[in-house]
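Listed below, chain by chain, are the residues.
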Amino acid sequence: MAQLVVGFTFLASGFVKVADPMGMAHKLHAYTAYWGLPVSDGFLMEVGAVVMGVAEFMLGVYVVLGARRRMATAAVAVVMAAMTVLTAWIYAVNPVPDCGCFGDALTLTHGETLAKNVVLLLAALYLATHPLRVKRMVSERNGWITSVYALVYAITLALYSLHYLPLIDFTPYAPGASIRKALEGSADADQRLANFYLADPQGGEDLSYQVAEAQGCVFLLVVPQTEVADDGCNDRINDLYDYCADHSLPFYMATASDSTGRADWCDRTGAAYPILQAEDTELQAMVRSNPGLLLLRDGVVVAKWSNNNLPEVEGLEARLQALPDKGGALWRLLAWFFLPLLLVVVADALWIGHKFYRHHIYVKQFKLKRIMRKKIVAGNWKMNKTLQEGVALAQELNEALTADKPNCDVVICTPFIHLAPVAGVINPELVGLGAENCADKVSGAYTGEVSAAMVRSTGATHVILGHSERRAYYHETPEILKEKVNLALENNLEVIFCIGEVLEEREAGKQNEVVKAQLEGSLFDLTAEQFSHIILAYEPVWAIGTGKTATAEQAEEMHAFIRQTIADKFGAEAAENVSILYGGSCKPSNAKEIFSKENVDGGLIGGAALKVADFKGIIDAWK
Ligand code: PGA
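Residues numbered from 1 in each chain as written. Predicted model: local features only at pLDDT ≥ 70, side-chain atom pairs only at ≥ 80, totals over all residues. Heavy atoms only, no water.

Chemist: Give a description of the packing of aromatic side chains that names residues and reports values.
Modeler: Considering all chains together, one arrives at 19 aromatic pairs under this definition. Judged by centre distance (5.5 Å) and plane angle (70 degrees), the rings of Y241 and F251 are edge-to-face. Placement of Y241 in helix α9 (residues 234-246) and of F251 in strand β2 (residues 251-255) is noted, with a sequence separation of ten residues between them. Given a relative accessible area of 3%, F251 falls into the buried group. Members of the aromatic cluster, joined through ring pairs, are F57, Y149, Y153, F337 and F338. Above the face of the Y474 ring, R470 is positioned so that its terminal group lies 4.4 Å from the ring centre. It is K569 that lies over the ring of F570; its NZ or CZ is 5.8 Å from the centre. (Phe/Tyr/Trp six-rings, centres within 6.5 Å; stacked < 30°, edge-to-face > 60°. Helix = DSSP H or I, 4+ residues; strand = E, 2+ residues; numbered from the N terminus. Buried < 20%, exposed > 50% of the residue type's maximum accessible area, 1.4 Å probe, protein only. Lys NZ or Arg CZ within 6 Å of the ring centre and 35° of its normal.)

Chemist: Got a sec to walk through the pattern of salt bridges? Specific residues and values, please.
Modeler: Counted according to the given criterion, the structure contains 29 salt bridges. Between E476 and R470 there is a salt bridge whose closest N-O contact spans 2.8 Å. What makes E476 buried here is its relative accessible area of 7%. Between K516 and E520 there is a salt bridge whose closest N-O contact spans 4.0 Å. With K516 and E520 both in helix α21 (residues 511-523), this residue pair falls four residues apart, about one helical turn. When salt bridges that share partners are traced, they join R373, K375, R563, E576 and D601 into one network. (Salt bridge = Lys/Arg side-chain N within 4 Å of Asp/Glu carboxyl O.)

Below you can see the structure in the form of structure tokens.
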């Protein structure tokens, strides 16, 4: 919900800015003028408007599609925090009539804007603190296609709208609007048009009615500020004016510049048409170009042109008769954005479905079964077996379990090199596949490391993290492990998370404290949903590979403590559902007794996983 609200709001507000960057540039100008900032350069304002619009649009795309979740949610929260402060100030001080959040498409009062921003800020903070709850609509692998498409779309739309006119006209002066009706006070006219006001600069006489009530066509050349207007299109303007003079069509120019500005314009362009006085912001609303041209017929706006596409005299006759040019429809513009994106999302889903079809099915079943707390026997090959030996071992195990179906889930965790070939020889419904480790980084220059995404791409569904050998020999701290866990979960791997105390700690009676700290340090920031993808493995370090097994009672005591700790943190249901495996010198001869304990849900097996007979013997302990 928060994802959709925040995502679509950013998308919509970014869209109106890229569809009408000039409108946003005017708003920015209003702010900088209020603050007395020395940046009134129109070009800078336009660049600012485009950058703001594109950035907002892209953040919206990221949040809606669940791409770059951490970056996008953090950025959205920062933007919303800044915007909320800004709108609170606007609410208190009232420096500008409209804050400009949604351009001219939707005007909110300052109070409404502030309320909207407070709600959005709360939603954005929630997302930023729970980025992994943002649902991914496109896989990480194909996310770049949607990002590049959205970026190209936004920039093209912004530049087109700046060069010509906005493809969608959100102003009151959109073609089809009747200024005459508004001035006559008609109820069905856009009331914002009642601000239309043109005056004779000499006598100050109000000429608005004369223009709006004129029968037939009237051209209105709009030049908000003559000083900064582009005069490169004079010839065409003068040609148009000559045409109008020849055909007895009224042609006016309207500007907010003073007499000096008007005189300067006449000098620069040789203007011979009458010049009227108007208000700056109203002129900016009339047409998003300086200069721009408006064609009215019987007081109705029928066409608008920017200085970059002024009409030629040839063919003008037909234009004078034509219906109002309403431009591109909003739905068409949106379809150009959403349809290709939808196509990518569907294609991506199919692609992933195809590639990982078998493993998806397996993971689904895996989840279903876990409702009744799954019994699991997982093998940890450690640094053993050449590629050929490993593939042969997996094959042999697969055959043994095909012949004699297990009563529990079986997973083998192998060195990285075995993963892809082993995936090819096992039946994923019988034998799950996992790695023994993954990197704490997403990707990049980390020589020798293997990322969670890479593990997942082999077809593996699990990963062991936090094994005591990695904590001891490779100095993996709870913080590092936290990163690894997050990345593994982000890549849809089920995590077998190992915890356990060393001998001195047990002798000092500190085992509970140690295990609790290990859980807290790496897993306690997870959500309950994320935690449902964790399998715990209690492995007392003094029992690993030593032949010294913890007694079944010692194991049960610790497993019960771990389950209670999970219940305290994640609730009774999560505790009830989490499988807690025992590891450390587990053999066919002691497995049955250990597994018989209420809180022991299986084993993580090292040495005994290297021989099919031993491993199968432990698996059979569940029979
Ligand atoms: P072990 O190892 O069964 O050889 O004691 C267990 C483990 O380290 O996971």
